[in-house]
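Coordinate inspection notes
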Amino acid sequence: MTREAVIVDAVRTPVGKRGGRLSGWHPTDLLAHTLTELVTRTGVDPARIADVIAGCALPRGEQSGNIARSALLGAGLPEAIPGTSVDRACGSGQQSVHFAAQAVRSGEYDFAIGAGVESMSRVDLGPLFNPGGGMGDWYGERLLARYDGNLPAQGPSAELVAAKYGLTREQLDAFSVTSHERAFAATEAGYFASQLVAIDGLAADGTTTPGMARDEGIRTTVDPEKLAGLRPVFADDGVITAGNASQMSDGAAALLVAERSAAEAAGMRPRARIVSMAVAGDDPRLQFTAVVPATRKVLDQAGLTIGDIDLVEVNEAFAPVPLLWQAELGYPADQLNVNGGAIAIGHALGSTGGRLLTQLVNELERREARYGLLTICEAAGMANATIIERLA
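The paragraphs below set out a description of the structure included in this document. (Residues numbered from 1 in each chain as written. Predicted model: local features only at pLDDT ≥ 70, side-chain atom pairs only at ≥ 80, totals over all residues. Heavy atoms only, no water.)

Counting its secondary structure elements, the protein chain contains 13 helices and 12 strands. Over its C-alpha trace the protein chain gives a radius of gyration of 20 Å, about what one expects of a compact globule, namely 21 Å for 392 residues. Reported as C-alpha extents along the three principal axes, the dimensions of the protein chain are approximately 60 × 50 × 50 Å. Sorting the 392 residues of the protein chain into buried and exposed places 58% on the buried side. Nonlocal contacts in the protein chain, meaning residues at least 24 apart in sequence, comprise 80% of its contacts between residues at least 6 apart. Accessible surface computed for the protein chain: about 15,100 Å², of which carbon and sulfur atoms make up 48%. (Helix = DSSP H or I, 4+ residues; strand = E, 2+ residues; numbered from the N terminus. Rg over C-alpha atoms; globule rule 2.2 N^0.38 Å. Buried < 20%, exposed > 50% of the residue type's maximum accessible area, 1.4 Å probe, protein only. Contact = heavy atoms within 4.5 Å. Areas by Shrake-Rupley, 256 points an atom, 1.4 Å probe, with all protein chains shown as cover.)

So, in structure tokens, the structure goes:
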């Protein structure tokens, strides 16, 4: 019998701004709170959870020491449940779901949790923006020699991608305005409400926000003139600004992945089937282009075409990423990132894959659509891609 990996349920915290309303939460506690909510909502017997796999893109400081195990114990889950932490950069949360689904398909697990967390308020972000002072230390002499020492940080790579695809500042800013407009409209319509965990905001200064129920970074309105007036961050003549890049954020997400028949036998109604999963690599100097081969690979594995896909989420690390993906795949703009993305909502690195899968499941259900695709670009020129199918 073929084993099917399904998503039973998926939850996420609101996304907090760096230094904002979630900055007082220790990342372990933030993930623990999310795990508790997931287990409560699904009613899964904790004793049947085989593993907790959690993505975290910056596993240092408070986020080091296998945050998955720390969080599951903090959530009060049985000591018998193991946990492991995954770093596939910005796709870490998505990869954690992949690993859970692959273990379910293999027959080793019947129930597992794929999760992710990041508190960009509470860890050193310097290496992300200064390759000579941090990432260069990670690379080693042989890797640097392979690329003649030319491995830029992500911002300069985004400039290279924009130049390669001929993307103008006006195009990037217009995309960013749309991201905010869509995210605000979705929030006002209540599209995110059911997927959010109940949580009180806690800022680093001790200020509390009881019942925080909205993503903190979404602007109610965006003035295109002010957006156009922002200075480029990475090159004086560049096109990447703080307004057309993702927001640095805090947040967590968690999904219960199960073997379909096991879930149904336990009285659960699976919400989506994981159809296909893929990873791909591309030029590490450009960093963001692997979303294209990852998408093509995941479609080929599923026996589908891009025309079969009803909704797509391409993570908005920088505005050039979804735009280059759209140019290569020829996908309709009104089916891409329909409720905004990381430019408006925020990008809490390790949790973003879980957040986007959570949003994708919910939006497929709202529209009664069938197939959704998620792809996330990752540092060093990688990408994950996932196709899910809504289960009626």
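Following the structure, the description resumes.
Its location among the elements puts Arg-355 in helix α13 (residues 352-367). Salt bridges are absent for the buried Arg-355, whose nearest opposite-charge side chain, Glu-313, sits at 6.3 Å. At a separation of 2.9 Å, a polar atom in the side chain of Arg-355 contacts the side chain of Gln-359. Residues contacting Arg-355, with those up to four places away along its chain left out, are Arg-12, Val-15, Ala-253, Asn-315, Ala-342, Ile-345 and Gly-346. (Lys, Arg positive; Asp, Glu negative; His and termini not counted. Salt bridge = Lys/Arg side-chain N within 4 Å of Asp/Glu carboxyl O. Polar contact = N/O pair within 3.5 Å; in protein donor to acceptor, adjacent residues only side chain to side chain.)

Next up on the list: the packing of helix α8 (residues 169-189) against helix α12 (residues 320-329). Direction vectors running N to C along α8 and α12 enclose 105°, while the axes themselves pass 10 Å from each other. If you check the angle between α8 and α12, you find them roughly perpendicular. Taken together, the residues of α12 that come into contact with α8 (itself represented by Gln-171, Leu-172 and Phe-175) are Pro-320, Pro-322 and Leu-323. By residue class, the composition of the contact of α8 with α12 is five nonpolar, one polar and no charged. (Axes fitted to C-alpha atoms, helices over the stretch in contact; angles between N-to-C directions. Parallel < 35°, antiparallel > 145°, perpendicular 65-115°, else oblique. Nonpolar A, V, L, I, M, F, W, Y, C, P; charged D, E, K, R; others polar.)

In this section: the side chain of Thr-358. Mapped onto the secondary structure, Thr-358 falls in helix α13. What Thr-358 contacts, discounting residues up to four positions off in sequence, is Ala-10, Val-11, Gln-195 and Leu-255.

Bringing the pattern of salt bridges into the picture now. Once the charged atoms of two side chains with opposite charge are near each other, the side chains can pair. Per the stated rule, a full pass over the model turns up 19 salt bridges. Between Glu-363 and Arg-367 there is a salt bridge, and its shortest N-O distance comes to 2.7 Å. Of this pair, Glu-363 and Arg-367 are both found in helix α13, four residues apart, which corresponds to roughly one turn of the helix. Exposure remark for Glu-363: the relative accessible area of 4% places this residue in the buried category.

When strand β3 (residues 49-55) meets strand β4 (residues 83-86), the two strands line up parallel, connected through four bridges. Paired with Gly-55 across the two strands is Val-86, which belongs to β4. Note that the unit made of β3, helix α2 (residues 67-74) and β4 has a crossover that is right-handed. (Pairing = 2+ DSSP bridges. Right-handed = clockwise from strand over helix to strand, strands pointing away.)

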